[in-house]
Amino acid sequence: MSHLNDRLVTESDLKEVLGISDSVDDNRLSLAADAATQIVQAYCDRHFVQQTNPTARVFTALNPWLLEVDDISVTTGLVVKSDEDGDGVFETTWASSDYQLEPLNGQLAGQQWPYTKIRAIDAREWPLEYGQAVVEVTARWGWANPTDETTYLPQPVLQAAEIQAISIFKSVDAPLGIAGFGDIGIMRLRQAIHPVAAALLAPYRRETVLVG
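These numbers were taken from a predicted model, which means no experiment stands behind them.

## Brief notes about the sheet that holds strand β2 (residues 66-72)
Pairing is antiparallel across the open sheet formed by three strands, whose spatial order is β2-β8-β5. Looking at which strands have only one partner, the edges of the open sheet turn out to be β2 and β5 (99-102). Strand-to-strand twist in this sheet, taken as the mean axis angle between neighbours without regard to direction, amounts to 25°. With four bridges connecting them, β2 and strand β8 (residues 115-120) associate as antiparallel partners. Bridging from a neighbouring strand, Leu 67 pairs with Ile 118 of β8.

Below, the structure written as structure tokens:
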């Protein structure tokens, strides 16, 4: 399956699956691919395709020892800083020996998984300033980079994006949301996420991280 920029599926992928050989519907297919990617990522509350360059984000620690963060798949460019007095200046840079990335070994449920927690170790503690975001983490955020052989995007996620894109592309054939007629009457397109896509994505959904 090919990729383009931040897409989980491309028009080329869709044309292959749908058996389309001409370019008449390329624009519609491209829009469906973009929309499907946005829907899948919003449904899972994740940005699956990894950023090219590190950027800084701020977080609030759950307790003195555990910090939940957005997905980090590579440690290249990773910098952790804290604001010890809540003045908005992240003056303390943490050494890699001060914290532990989890899940350990980048593995969860028997598969490669991004780091989603940073645990303070060796007597270090995250500052807690009345719920303020006093930890700054700089990283290449995202699940994986499809051009990097050391990381990967889960096949169920790619399949879900493809299914969702096909559903969006074909929705033009469902005037007024009517998808067809069944034993109980008119069937309508009611869900933003395709039910099969939702089932595939279930293991990859996450709760919102406190990020500024």
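## What to know about the sheet that holds strand β3 (residues 79-82)
Strand order in the open sheet formed by four strands is β1-β9-β3-β4, and the pairing between neighbours is antiparallel. Two strands lie at the open edges of the sheet, namely β1 (55-59) and β4 (92-93), each paired on one side alone. Sheet topology places β1 next to strand β9 (residues 135-139); five bridges connect them, and they run antiparallel. Across the sheet, Ala 56 pairs through a bridge with Thr 138, a residue of β9.

## Points about helix α3 (residues 155-170)
Compared with an ideal rise of 1.5 Å per residue, which puts 16 residues at 22 Å, α3 spans 23 Å between its outermost C-alpha atoms and is within 8% of the ideal. Those residues of α3 not exposed but buried are Val 157, Leu 158, Ala 160, Ala 161, Glu 162, Ile 163, Gln 164, Ala 165, Ile 166 and Phe 169.

## Section: the nonpolar core
Formed by 28 residues in total, the largest nonpolar core has its most connected members in Leu 8, Phe 48 and Leu 153. Counting only elements with at least two residues in this core, the list comes to α2 (26-44), α3 and α4 (195-201). Top element by residues in this core is α3. It accounts for seven residues. Ranked by size, the runner-up nonpolar core spans 18 residues in total, among them Ala 61, Leu 67, Trp 94 and Tyr 115.

Rules of the game
Residues numbered from 1 in each chain as written. Predicted model: local features only at pLDDT ≥ 70, side-chain atom pairs only at ≥ 80, totals over all residues. Heavy atoms only, no water. Pairing = 2+ DSSP bridges. Helix = DSSP H or I, 4+ residues; strand = E, 2+ residues; numbered from the N terminus. Axes fitted to C-alpha atoms, helices over the stretch in contact; angles between N-to-C directions. Expected span 1.5 Å × (residues − 1). Buried < 20%, exposed > 50% of the residue type's maximum accessible area, 1.4 Å probe, protein only. Core = buried A, V, L, I, M, F, W, Y, C linked by side-chain atoms within 4.5 Å.

Honestly, it's all geometry; don't read function into it.
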